[in-house]
Structure formats: structure tokens, C-alpha cells
Amino acid sequence: MRELSTTDKRLFLSLLRDFRREFGTNFKPEELKSLLTLMKKAGEAGVTPYDPHGLPRPIVALKTAALFASQIAPDRNCMAAIALYPMVQDGFLDIMTIRNQWGADVASLIVAMTSVGRFSHEGASAGYDNLRGLMLSLADDIRVIIIMTVHNLAVMREINLHPDEEWVRNVAFEARHIYSQLAHKLGLYQIKGELEDLSLKYTDREIYKSIARKLNETKTERDDYIRAFIGPVKKRLEEAGLKFEIKGRTKSISSIWGKMRKQKTDVSGIRDLFAIRVIIDAPGEKGKDACWNAYSIVGNMYQTDEKRMRDWLSFPKENGYESLHATVKGPGERWVEVQIRTREMDDVAEHGLAAHWRYKGGVGTSSDRWMANVRDILENEDADAMSQLRNARHEAEAREVYAFTPKGQLFKLPHNATVLDFAFLIHTKIGAQCTGAVVNGHHRKINHRIESGDTVEILTSPLQTPRASWLDIVVTSKARTKIRQSLNEATLKKAALGKESFERRARNRKLEVDEALMAKFMKKEGYKQSTEFYAAIEDGKIDAGRLLTRLADYIDSENSHESARTSASEFRMQEQDEERTSGTTPLLIDGKSISGIQYRLSKCCNPVFGDPIFGFFSADGALKIHKQDCSNVRHIRARYPERVTEVEWNGRQTDESYMVTLRLTGSDDLGIINNVTSIISKDLGVNMRNMRVDSSDGIFCAYLTLTVRDTGQLSNLIKKLSAVKGVKTAERV
């Protein structure tokens, strides 16, 4: 057990006396006595009166309480929570004791303060926008955000020249990027300005000292200058009959540094170290006219910098901001910025439409409206303001949750997001192999709902794969999309294996089937897509042996008569076979070269120059050329052997072209079809006659009808198309 040092103990007792004198009336006599006794015991004999960075907890708590009372209000519950908070931190008291002795509201405040404080100084690694959201989601009670903002200022005041410079920088960055913006949103401008100044001081002392030194005036002297400037302006505006309020301020060191960086100059180059705001009491168009009247009065009094004039009355900003800005040279040749706007315009500007943490032009979020409501309460001088704040809960329409990885990375998820959502948010592979998680040290299933502040360690297994039931678990679009993609890829893999197995067994039974006939057979079997059909074969949902028997019967029924159909509903118009003569493409018929004979290239297999072929004399006497592996070869040779004749190509290829159909499958990525057609258009001698593309769940299947010169060109084209990124298969149909 470590006690406070003698110096800190004396300071603590002095602050304790101040607390009793200044805020004792906010407690009942017995409450005040109990609180002071607890604070004294904890301060003198606490378990760990110093935090891990050496700051005296009870002293910081008393300074926070004093600061809170001066800036907000000496509310009983808030003051008690601030005073008791360090006792919970160092283990001197537990929440149950506080709940029993001080009430559920005080205990609730301390629990929320502990939750927010748990992630303090994580901003640099977690991302300030995410951490700010985390704090808001953890603290439904706005009083907690106010208390922690004030507490941050108390800490910032304590850490000047602290030996741990890296920690100080983290606290300073957090103060600027989180708490100063929260203070601005709440209208706590004095706290905001001091946090920003201290942040600059701790992160860049040389810049801070340089600006302070170059100002060459004390704050009091600068305030005197503002008063001297306002006096004559106020008089002239009153003489013009305007109703208005006029405010003046000197810009903070951090604000001046921001202008120096933006304008790329030093302090002497900043023309508006001083700022005046004139708020006109007039509605609508009358208010705009009054603003221009005030602008002309100020312009007649002082020299204006026309380049710095900003007319946001005629042309409001995208976020709704309206105002007239003028930069004028006041007494002593000093430049002063004058902002002129109506009361309504000032309300819009002050209630967050131009807030730092909103995207330009964005629509107000529930958090913005919530904070604006809180600011209205804070600006109300009603003595019961804190009781109103107690009821100003954060009621976001679509609340978000924030969770950490074990390494401290912070992720934002939608409300009701699960462990599985979190896993896919980290990485697709982690999501696909997720088996559960360790959440805050406890094992949880993949459907466990994440809550703000959770630390989530995802558990994986290489044997795990996504399942269709996962789609009922996840709520994020990313997880849903990745699961569907994975399921589709798994189906395609199964389909490929099933097709290979089926075709091998079909060949063993001497069955050769073209794609068109197979597509009709699948439909007859009740399958709309080939992937479902072949995947069912691979999964064993279909008896392959019986299926092949049904297929053989179906082929026989289809080929029994080339022109006959079993019913009118099954009739399909067939493309006419292309008629050619052997004078343009010589053929060898039964080993002899015969010129001038007419022949047709059969549409059932579309033979191409270079393919092994045979001839078949149809009933009308025409010679039809089929590929040797045509799906109809078994039927033709078995039933009409007398009409079959041996045919082969004779001589070199001429300028003749041949129709062929290719089937491509792959991922339906942006631009993939353009890439495919580009390759075809660049291949000389290849013309595309027709294309049909089907797409479902991120997978496409395209049928391309092309003309090629010979099998060599066809093979080269297939090779090129197979190399296109996203194309999984490219094959001749």
C-alpha cells in the first residue's frame, strides 16, 4: 500500500476543505460528513492513491469536482460520482456499496465513467472517430461525457513536465481530437479552448512558446483592445437603430497556430488575431438587410481587406452556414475579423451544422441532435438543468457498437452485430473459418451479440467452412456478401467435380451429349441451373447410375427421328445447316478428292476446319458433316450405317470461317465482359455473332457464338480467354 506524499497530502486536505466550504450545501449534513470521511480515508490510506502514471487520484478528483461545479453546476449526484470514482478505481469501494449508500444514479454514473475511462488514451491506435463513437455508445447518460471531458482537462492541467513524454503526447492528442470536440459540441467553449492550447503546448512546446512570445501582449491587454474596438462600433450601430448583441474575443494560441499552418505564414502575417461577432435581432429578409447595413457601417469606420471579405448570406455554405465576414484594420493598425449574422443564423452555426466531426454538407445524426438538445439545456440558467440532463439519454435510431481486438484495434459495427460479423470485418478468411470467440475472457458462439467495449478474440479452424445457415446470423452486408460468395464458390467446385464424374461415367456407357440436349434433360429432371444439377450429383442427392439410364432413354427418344417431335409444346425451330461446296473447302470423301459436291456443316456439333469429321447423307440426299465426337454419332452409326461415309479435310485452310459456340464462367466482376469482348475484337479473323450472359449471386455464365478459321485459332482464343482475370472456365460447347 502506497500513501500520498507529504506534499500531496497537504494539497489534498486543502482541496478537501475547499470542497466542504464551496459545495457542502449541495449535500445533506449526514451525506457530507460520510463523503468527507470516505474521501479522507481513501486519500490517506487508499489501496493505490496514485494511478499507473503517478497522478494522485483523490487530488485530480477534487480538482475535477471544482472545475465541474464552476463550468456546469454543483449537482449532488455528479459531485458525489466524481468524488467516489477514484475510490472504485483503486479498489477502496465497490459499486454495490455505492449503490446501497448513495443510490442507483450515482452508481450508474460511476459504472459508465469506468467504462469510458477503460479506453482512455487509446485514440492514436484506435482511431479518434471510432473512439469518440465508443465513448458516446458507452455513456448513454450525457452527464458522463461532460464529467469525463472536465476530468480530461483536470488531467491535462496536471501533466505539464511529466517525465513520460510519450504518454503525455497520447493524452494531449486525445484531448484535442476527442474531448475538445465534445466540449465544442456541448458549447463548453472555455474548456475547448484550454484543451486545445494545452494540447499544442504538450505536443510542440517550441511552437507554443514562440507564438506566445510573438503576441507581445498579455491576454488582459488584448481583451482591453477588443473592448476599445467594440465601443465605437456599438455606438454607431445603436445610432443606426439596429437591435443587436456584440461579442468580442481574442483568438487562442492553438487557433492562431492553425491559421499559421493554413496560410503558411508567421504570427505577424495573421490578419485576424482578434474576432468580433455582431448578432442582429431581426427575422428573415429583414435580418439580411440589417446585416448588410451593419457591414456597411463597419466598412465606413475602418479600412477593409476586400480579399478577405466572405459573403455567405448571398451564397450560403453547403452545410447551411450563413454570415458576413469582414477583416478590418482597427486602432493601432491591427487587423480584426468581424462576423455579422442574425440570431437565427447564429443558432444554426452554433448548434453543430459546422461542427468539426460532421462531414461537410452532411445531414444531422441522432448524436448531433442529442448533443444540440444538451447544449440548449446547458445554456439554460434554470437551476434544475442537471435534472433535465439526467433524462437526456442518447436515443439513436440506429445505434452502433464498438469492439476491440486483443491487440487494441477498434472496429465499428451496427447494433446487434454478432461474433461472425466481427470476424468477417477483420478479414474474409478469418470469417470463413470462424468457430466462435473469446469475448472479455469468456467463450462465446458465433451468434453471440457484440456490445460496445467488448474485447473479442476470434477462434478459427481450417476445417470450418461457411454454411447457408450463417446468413441468418449476420447483420452486416459485408459478411452476408462474403458468405454468399463462398457458398457459390463451393457450389461451383462441387459442380465441377460432379460434372467430371458424370461425364466420365457417361463415356464409359458410350453416351455423348451436347450442351443443348443436356440443358433440356436437366430441366426435365427439375433443375434450372447446371451448377445445381452437377453439385447434386457430387453430393449424392442423385443416383448417378439411374440418372444415366434415364439420360440414355432421353437421347434415344430425341434422336429417333431427326425432324419429329413428341408434342407441339416440345417443338423448337432449328437453324438451317450452312450449305457449302467442296470447291471452296476441299474434302476427301472415302479417301478421294472430289470437287464441287455440296455439303452442310451440322449445327449439332459445329465442325471447324481441323476437327476429325465424318459424313452423313440425310434423307434429302445432302451430305452433312459431323465431328467424330458429335453427341449424335452413336445414334447415327447404329441406325443408319449405310448413310455414313468417311470424310476428312483436304489441303490447307482457305478464307472460309466456321461457326463455334464457347461457354465462359467466372466471377461477375466489374468490366469482365468488356475484357472478354476486347480480346475477341483484337483477334483477327474472329467475329462474334451472338452473346448471352446469365448472372446470379456474383457468378456469370456466358455463351459466345463466334466464327473462326480453324481449330488452331480456336485453341489460341480459348487460351487467351482463360487467362482473363475472373474467368474460371472457357470451353467449346
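Residues numbered from 1 in each chain as written. Predicted model: local features only at pLDDT ≥ 70, side-chain atom pairs only at ≥ 80, totals over all residues. Heavy atoms only, no water.

## Thoughts on the pairing of strand E16 (residues 613-617)
With four of its five residues buried, E16 lies for the most part within the structure. Looking at chain direction, E16 and strand E17 (residues 623-627) are connected through five bridges and run antiparallel. Paired with Gly615 across the bridge in E17 is Ile625. As paired elements, E16 and strand E18 (residues 644-649) share three bridges and run antiparallel to each other. Among the inter-strand pairings, Gly615 is bridged to a residue of E18, identified as Thr645. (Buried < 20%, exposed > 50% of the residue type's maximum accessible area, 1.4 Å probe, protein only. Helix = DSSP H or I, 4+ residues; strand = E, 2+ residues; numbered from the N terminus. Pairing = 2+ DSSP bridges.)

## A closer look at a positive patch on the surface
A contiguous patch of positive charge, built from Arg504, Arg505, Arg507 and Arg509, is present on the exposed surface. Here Arg504 lies in helix H21 (residues 477-508). For Arg504, a relative accessible area of 40% puts it in the partly exposed group. (Patch = residues over 30% accessible without salt bridge, like charges linked within 9 Å, V, L, I, M, F, W, Y side chains within 5 Å. Areas by Shrake-Rupley, 256 points an atom, 1.4 Å probe, with all protein chains shown as cover. Salt bridge = Lys/Arg side-chain N within 4 Å of Asp/Glu carboxyl O. Lys, Arg positive; Asp, Glu negative; His and termini not counted. Charge placed at Lys NZ, Arg CZ, Asp CG, Glu CD.)

## Description of the sheet that holds strand E22 (residues 727-732)
Here four strands make up an open sheet; going across it, the order is E20-E21-E19-E22 and the pairing antiparallel. Edge positions in the sheet fall to strand E20 (687-696) and E22, since each has one partner strand and no second. Looking at each pair of strands side by side, their axes are set apart by 15 degrees on average, direction ignored. For strand E19 (residues 658-667) and strand E21 (residues 699-708), the ladder comprises 10 bridges, and the chain directions are antiparallel. Residue pairing for E21: Ser667 is matched across the bridge by Ile699. (Axes fitted to C-alpha atoms, helices over the stretch in contact; angles between N-to-C directions.)

## Description of a nonpolar patch on the surface
A cluster of nonpolar side chains, namely Met688, Met691 and Val693, defines an oily patch on the protein surface of about 210 Å² accessible area. Relative to the helices and strands, Met688 is located in strand E20.

## Notes on the pattern of salt bridges
Here the structure, examined in full by the defined rule, presents 23 salt bridges. Between Arg21 and Asp18 there is a salt bridge, with its nearest N and O atoms 2.6 Å apart. With Arg21 and Asp18 both in helix H1 (residues 6-23) and three residues apart, this pair spans about one turn of that helix. The exposure class assigned to Asp18 is partly exposed, which follows from its relative accessible area of 28%. Its salt-bridge partner being Glu31, residue Arg76 comes within 2.6 Å of it at the nearest N-O pair. Placement of the pair is Arg76 in helix H4 (residues 76-89) and Glu31 in helix H2 (residues 29-45), with a sequence separation of 45 residues. With relative accessibility at 17%, the residue Glu31 sits in the buried group. Sharing partners across several salt bridges, the network here consists of Lys499, Glu503, Arg663 and Glu731.

## A closer look at unusual backbone geometry
Unusually for a residue other than glycine, Leu161 sits at a positive phi of about 65 degrees. In this structure, Leu161 sits in the loop between helix H9 (142-158) and helix H10 (165-186).

## Description of the packing of helix H11 (residues 189-203) against helix H14 (residues 253-263)
Between H11 and H14, the shortest axis-to-axis distance is 7 Å and the interhelical angle comes to 65 degrees. Residue-level contacts link Glu196, Asp197 and Leu200 of H11 to Ile253, Ser254 and Trp257 of H14. Tallied by class, the residues present in the contact of H11 with H14 amount to three nonpolar, one polar and two charged. (Contact = heavy atoms within 4.5 Å. Nonpolar A, V, L, I, M, F, W, Y, C, P; charged D, E, K, R; others polar.)

## Regarding the confidence of the model for the protein chain
A residue-level look at the protein chain finds 81% of positions with pLDDT of 70 or above and a mean pLDDT of 79. Within the protein chain, the lowest mean pLDDT, 47, falls on helix H7 (residues 123-126), and the highest, 94, falls on strand E9 (residues 434-439). Scored below 50 in pLDDT, residues 121-125 shows 10 contacts in the model against residues more than four places distant or in partner chains. Segment residues 561-577: pLDDT under 50, and 13 contacts once partners within four positions in sequence are set aside and those in other chains are kept. (pLDDT = per-residue confidence, 0-100.)

## Some remarks on the nonpolar core
Phe19, Phe68, Leu84, Ile98, Trp102, Met156 and Ile159 are the most contacted members of the largest nonpolar core, which has 70 residues in total. In terms of residue count, H9 provides more of this core than any other element does, 11 residues in total. Look past the residues within four positions of Leu84 in its chain and what remains in contact with it is Leu35, Leu38, Leu93, Ile98, Trp102, Val106 and Ile110. In this structure, Leu215, Phe244, Phe274 and Ile297 belong to the second largest nonpolar core, which totals 40 residues. (Core = buried A, V, L, I, M, F, W, Y, C linked by side-chain atoms within 4.5 Å.)

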